[in-house]
Amino acid sequence: ITPQMIAQYPETQQFTDCLAEFLGVKPGNLCLVNGSAEGIRHIIEAYTSVNGKIAGVTPSYAMYEIFANMYGRHLIQIPYSENLDISASDIIGHLSSDIQLLILMNPNNPIGNAYTDDEVAAILSEAQKHEITVLVDEAYMYFYPHSFLQTAVKTSHVFVTRTFSKLFSLGGCRLGYVAGMEEDIKIILRYENLIQEIC
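Reference entry: report on the structure contained in this document. (Residues numbered from 1 in each chain as written. Predicted model: local features only at pLDDT ≥ 70, side-chain atom pairs only at ≥ 80, totals over all residues. Heavy atoms only, no water.)

Observations regarding the pairing of strand 1 (residues 30-33)
Right, so step 1: Residues Leu30 and Leu32 of strand 1 are buried on one face, and the alternating residues Cys31 and Val33, pointing to the opposite face, are buried as well.
Right, so step 2: Bridge analysis of strand 1 against strand 7 (residues 176-179) gives four bridges, and the strand direction is antiparallel. Bridge pairing links cysteine 31 to valine 178 in strand 7. (Buried < 20%, exposed > 50% of the residue type's maximum accessible area, 1.4 Å probe, protein only. Helix = DSSP H or I, 4+ residues; strand = E, 2+ residues; numbered from the N terminus. Pairing = 2+ DSSP bridges.)

In structure tokens, the structure reads:
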């Protein structure tokens, strides 16, 4: 570790290229962020508006509600059933043209529920019908290795966020990424670059 290494902003392209090759996507499908929470925040900023509605299963990751409140959005809470199940049909029943963003977790935290391909296809179809952006938070996907990353990089207004703080225990590195279609990732990059300029 040298003074120059500490003083300079890191060059991220080499890591992005490496990560893209590992994931089987293009570098343009990825945006590195300071932990996946920052990626979630950028998506909320970019794809929802003041007084807009965000739908998500609760209880879940607390930052969804914190960011919603911070930016003047309304979180529409979709509760678990009495058996602590998450019903895809119940999620679909909460979707309407008033909803701007739907947040799913794959697998869900804290219960650990996961979605089948058919369930996600049905949810995405309904979301597209209402022009709802979908965020799939895959912070814990390494403990359930069925990912929707390839769906995100091929489907407009669908994002996957991931972090290195869980399985890799690198929370102190503040390293995460957003994956999606290149045109959508360009929008997220604008927010990330703005943060870097401010810092």
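Looking at the pattern of salt bridges
Right, so step 1: Under the defined criterion, the tally for this structure stands at five salt bridges.
Right, so step 2: With a closest N to O distance of 3.0 Å, glutamate 138 and arginine 162 form a salt bridge. Of the two residues, glutamate 138 sits in the loop between strand 5 (133-137) and helix 7 (149-152) while arginine 162 sits in strand 6 (residues 158-163), which places them 24 residues apart along the sequence. Side by side, glutamate 138 and arginine 162 carry an identical accessibility label, which is buried.
Right, so step 3: Residues lysine 186 and glutamate 183 are paired through a salt bridge, measuring 3.1 Å at the closest nitrogen-oxygen approach. Placement of the pair is lysine 186 and glutamate 183 together in helix 8 (residues 182-198), with a separation of three residues, close to one helical turn.
Right, so step 4: A relative accessible area of 44% places lysine 186 in the partly exposed class.
Right, so step 5: Judged by its relative accessible area of 54%, glutamate 183 is exposed. (Salt bridge = Lys/Arg side-chain N within 4 Å of Asp/Glu carboxyl O.)

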